[in-house]
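Descriptive analysis of the structure
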Amino acid sequence: MSGTNGPQSEPVNTTALHDKHVALGAKMVPFTGYSMPLNYPAGILAEHLHTRESASLFDVSHMGQISIWGEGAAHALERLVPGDIIGLAPSALRYTQFTNDQGGIRDDLMVTNADGRLMLVVNAACKDADLELLVAGFKGSVDVALHDDKALIALQGPQAVAALARHAPKAENLEFMHAAAMKIAGADAVVTRSGYTGEDGFEISVYAEAANDVWDILLAEPEVSPAGLGARDSLRLEAGLCLYGHDIDEATSPVEAGLLWSIGKRRREEGGFPGEQRILDEIANGPKRRRVGILPEGRAPARENTEILSAAGESVGIVTSGGFGPSTGGPVTMGYVDIAHAKTGTSLGLLVRGKTIPASVVKLPFAAHRYHKN
Amino acid sequence: MSNLKFSKDHEWLRVEGDSATIGISDYAQEQLGDVVYVELPEIGQKFSAGAQAAVVESVKAASEIYAPVGGEVTEVNNALDDDPALVNSDAIGQGWFFKLKLDNAAELEALMDESSYQEFIAGLE
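Computed from a prediction, not measured in an experiment: that's the story for all the values here.

All names here are of chain A. Pairing within the closed barrel is antiparallel, and its six strands lie in the order E15-E18-E17-E16-E19-E20. For this sheet, the mean angle separating the axes of adjacent strands, direction not counted, is 40°. Where strand E15 (residues 289-296) and strand E20 (residues 355-362) come together, four bridges link them in antiparallel fashion. Counted as the bridge partner of Ile-294 is Val-361 from E20. Helix H7 (residues 229-238) rests against strand E17 (315-325) and strand E18 (330-338) of the sheet, and its axis sits at about 125° to E17.

Right under this line is the structure:
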């Protein structure tokens with residue numbers, strides 16, 4: 001037996017919760033320079049299903065937490081992203097992307113308007129480059145700081161609110177895509193009602209020294225079990241959410257990626273972000289290719305880099321995320337196809353180990369989003 | 001005396017006469033995690049030792065299964081189509097993959113017995 005996934009480079013960093021993962025029996029793997037839990041003894045399948053049924057606790061402290069502040073911070077950030085940051089209400093958060101001059105995506109991120117500061121959560125693999133980009137892009141009155149001293153814990157699932165509200169009653173009424181300061185286990189936390197699973201849930205930012213106490217009291221709640229990066233990946237794939245470096249990268253535009261909803265009306269009218277020429281052209285005239293959901297027939301998963309064929313057998317695209325959906329009980333796939341083949345219902349083929357698996361374009365997500373309704 | 005043999009690629013064989021049943025070891029299923037799909041060979045296919053004969057997929061990744069010895073496929077475990085998790089729950093029993101009619105029984109000598117295999121995986125930890 002041999003794995004088809006090559007080894008990653010040796011991890012150099014650990015999160016504040018590393019000893020907790022080891023004590024829980026996690027399978028630790030190198031991921032973007034960190035040693036992270038892939039899964040706990042329950043396994044990816046059970047952790048995934050538990051998240052959809054109850055609530056799971058994820059350590060996502062490898063993500064970059066950056067804050068920017070000072071006069072004109074929102075204006076300055078808008079020069080780097082196509083999202084509407086100036087219009088972001090106090091305590092609200094929004095998804096956007098750092099774009100490059102060719103209209104590709106340098107990284108995707110969440111931006112929270114917190115108490116006069118903009119709090120950014122960026123991908124681990126991109127955080128140093130993002131920081132450089134921000135520092136180089138901001139001159140004068142806007143300050144930037146990377147918070148390596150903070151941990152990030154996600155509590156996700158339909159029972160997340162019940163578990164968290166026992167310790168932080170304000171969680172109960174926190175609106176979806178909003179943030180609030182709360183005390184959890186005696187520690188100051190910034191809590192957002194957001195996540196990466198398609199379920200209701202929270203992301204909790206605390207100083208690293210408080211992370212173990214917050215982790216322990218949430219894990220002690222009867223609804224809550226730990227879940228690792230494996231379940232996080234299968235949950236987000238079923239939810240149709242992009243993984244940076246796979247479904248989106250320097251070559252894919254937000255329009256191709258189906259992220260047009262994250263570009264506000266004012267930004268579409270005014271432009272003023274990197275790559276606006278391509279992005280605005282694609283908004284007006286349509287992209288040449290599009291990220292779509294693809295449902296293979298049968299049970300064989302079609303993994304990343306699988307070639308996508310038209311019904312006539314021509315190459316029309318490539319799979320960017322593919323695997324098994326524990327909640328859908330079968331294979332789930334996302335990829336880019338030429339626009340002529342992107343319509344829901346279009347028949348496609350997936351070339352897996354020399355055999356063509358019949359498949360069709362389906363509407364994303366594979367598992368319906370169940371976010372909190374305000 | 002067990003007639004169970006193991007390869008360095010973590011396949012097991014149970015030899016009965018000139019036939020061998022082949023699957024993956026308990027160590028291998030643990031490393032893989034939840035098995036969600038197994039692509040089995042076809043009856044009548046012939047493999048030489050070391051050739052790719054099947055694919056096992058976990059939630060996370062696909063892994064190739066090699067024929068530990070040469071031979072012709074005489075039977076495949078169709079129960080894995082409906083219940084691939086048998087590989088996790090009973091790797092060396094109900095989770096078998098396929099049976100081979102051996103080309104050359106002498107090839108078995110290159111494989112490990114159970115105690116050598118246990119030592120081999122202990123060295124991998």
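The next subject is the pairing of strand E4 (residues 35-39) of chain B. Residues and elements named next belong to chain B. Of all the five residues making up E4, five are buried; the element is thus mostly covered by neighbouring parts of the structure. Pairing of E4 with strand E6 (residues 52-58), which is carried by four bridges, proceeds in the antiparallel orientation. Residue Tyr-37 lies in a different strand from E6, and its bridge partner there is Glu-57.

Right, let's talk about the domain arrangement of chain A for a bit. Residue and element names in this part refer to chain A. Domain assignment breaks chain A into domain 1 (18-56 + 152-238) and domain 2 (288-374). Taking only C-alpha atoms into account, the centre of domain 1 sits 29 Å from that of domain 2. In this complex, domain 1 contributes 14 residues to the contact, which on the side of domain 2 involves 16 residues. Where the side of domain 1 that touches domain 2 is concerned, the elements lending two or more residues are helix H2 (44-53) and H7. Ranked by residues supplied to the side of domain 1 that touches domain 2, first place goes to H2 with four residues. Of the residues belonging to the side of domain 1 that touches domain 2, the class tally is five nonpolar, three polar and six charged.

With that settled, consider the packing of H2(A) against H7(A). Two numbers describe a pair of packed helices, the interaxial angle and the distance between the axes. All names here are of chain A. One way to put it is that H2 packs onto H7 with a least axis distance of 8 Å and a crossing angle of 55°. It follows from the interaxial angle that H2 and H7 lie oblique. As for the relative orientation of H2 and H7, their crossing is right-handed in sense. Between H2, through Ile-44, Glu-47, His-48 and Thr-51, and H7, the contact on the second element is made entirely by Gly-230, Ala-231, Ser-234 and Leu-235. Classifying every residue of the contact of H2 with H7 by side-chain character gives three nonpolar, four polar and one charged.

About the cut-offs
Residues numbered from 1 in each chain as written. Chains lettered and ligands numbered in written order. Predicted model: local features only at pLDDT ≥ 70, side-chain atom pairs only at ≥ 80, totals over all residues. Pairing = 2+ DSSP bridges. Helix = DSSP H or I, 4+ residues; strand = E, 2+ residues; numbered from the N terminus. Axes fitted to C-alpha atoms, helices over the stretch in contact; angles between N-to-C directions. Contact = placed C-beta atoms within 7 Å. Buried ≥ 20, exposed ≤ 12 C-beta atoms within 10 Å, placed from the backbone. Domains from an automatic or database assignment. Nonpolar A, V, L, I, M, F, W, Y, C, P; charged D, E, K, R; others polar. Parallel < 35°, antiparallel > 145°, perpendicular 65-115°, else oblique. Left-handed = near helix turned anticlockwise from the far one by under 90°.

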